[in-house]
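Structure assessment
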Amino acid sequence: MFSRVWTLVVACLLTAPFLLASSDEYIFTLNDMAVSSPSGALGSMVSTVGGDTSMLELKERKATHCSAAGTSSPMDQAQECYRSIEGKVIKISAPTLTLLCPTFNGYFFSAVTDGISVNHEGPVTIQANFFYAEKDVSISGQSISLQGVFCASKAGKITLKAPEGCPGWLRGLSFERAPGERPFDMMFQGCVSFNPPAIENLVVVGASKVTFEVQRLG
């Protein structure tokens, strides 16, 4: 069982160590800022970037969050991808989805009055899917591989999170919409693992703010 969640205290370090300091203190780094959890309740840290396209990586206990830049616009590429698959997916109204297989592709899910929750206990791959909700959109899995996944929420957040009982200090990533007009809030491309915690080239088009939710191991 996990011990209770701890409040994060942010402090600058001259170097960027990442270690489990003791049973009472966990430290990892985000963009060379130390994040520790000595005491308290919910642990979270917010990171923002200038722009509408974010890239996240997490290796060992060192996390980076920056604006994704390239020769062509990631937003233009995302909108082109959206248009190319929009009419090819199967449309379903289903606020809660419990995946029975590890691959879940080619669907347009909508929740007219509620949020959407996608749950899988093990690894899951989602490709060319749409999740549109009035409230929060939540996708959980031990590891989540996303390829051309579009999400929108009129009054909530988009969250990737660990399933119940999954070990590891990283519990979730919550994204908030960047300003601008587009047919979707965010497009996700990349991999997130909660056991062990890792993020591999996760590009999020349409988001400029992410909240890391963490839990001390004890």
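All values derive from a computational prediction rather than experimental measurement.

Looking now at the overall build of the protein chain. Scanning the protein chain for helices and strands turns up one helix and 21 strands. Across the protein chain, every contact between residues at least 6 apart in sequence was considered, and the portion connecting residues at least 24 apart equals 50%.

Take the packing of aromatic side chains next. The tally for this structure, following the rule as stated, stands at 10 aromatic pairs. Aromatic pair tyrosine 82 and phenylalanine 130: ring centres 5.3 Å apart, planes at 75 degrees, arrangement edge-to-face. Of the two residues, tyrosine 82 is situated in helix H1 (residues 74–85) and phenylalanine 130 in strand S14 (residues 130–133); the sequence distance between them amounts to 48 residues. Each member of the pair tyrosine 82 and phenylalanine 130 is classed as buried. Measuring from centroid to centroid gives 5.1 Å for phenylalanine 108 and phenylalanine 130, while their planes differ by 15 degrees, and the two rings are stacked. You can see phenylalanine 108 sitting in strand S11 (residues 107–111) and its partner phenylalanine 130 sitting in strand S14, a full 22 residues away along the chain. Following the ring pairs from residue to residue traces out a cluster consisting of Tyr82, Phe108, Phe130, Tyr132, Phe150 and Phe184. Positioned above the aromatic ring of phenylalanine 108, the side-chain terminus of lysine 91 is 5.2 Å from the ring centre.

With 43 residues, the main nonpolar core has Phe131, Leu160, Leu173, Phe175, Phe188, Leu202 and Phe212 as its most contacted residues. What leucine 160 contacts, discounting residues up to four positions off in sequence, is Ile139, Ile144, Leu146, Gly172, Leu173, Phe175, Phe188, Val192, Phe194 and Leu202. By size, the runner-up hydrophobic cluster in this structure holds 14 residues, among which are Met75, Ala152, Phe184 and Met187.

This part is about the confidence of the model for the protein chain. Per-residue confidence for the protein chain gives a mean pLDDT of 79, with 80% of residues at or over 70. Below a pLDDT of 50 lies the segment residues 1–24, which in the model reaches 76 contacts outside its immediate sequence neighbourhood of four places, other chains included.

What follows concerns the pairing of strand S17 (residues 158–161). Examined bridge by bridge, strand S15 (residues 137–140) and S17 share four bridges and lie parallel to one another. Bridge pairing in S17 places serine 140 opposite lysine 161. Inspection of the sheet shows S17 paired to strand S18 (residues 170–177) by four bridges, in the antiparallel sense. Looking across to S18, one finds that threonine 159 is bridged to serine 174.

So, how was this worked out
Residues numbered from 1 in each chain as written. Predicted model: local features only at pLDDT ≥ 70, side-chain atom pairs only at ≥ 80, totals over all residues. Heavy atoms only, no water. Helix = DSSP H or I, 4+ residues; strand = E, 2+ residues; numbered from the N terminus. Contact = heavy atoms within 4.5 Å. Phe/Tyr/Trp six-rings, centres within 6.5 Å; stacked < 30°, edge-to-face > 60°. Buried < 20%, exposed > 50% of the residue type's maximum accessible area, 1.4 Å probe, protein only. Lys NZ or Arg CZ within 6 Å of the ring centre and 35° of its normal. Core = buried A, V, L, I, M, F, W, Y, C linked by side-chain atoms within 4.5 Å. pLDDT = per-residue confidence, 0-100. Pairing = 2+ DSSP bridges.

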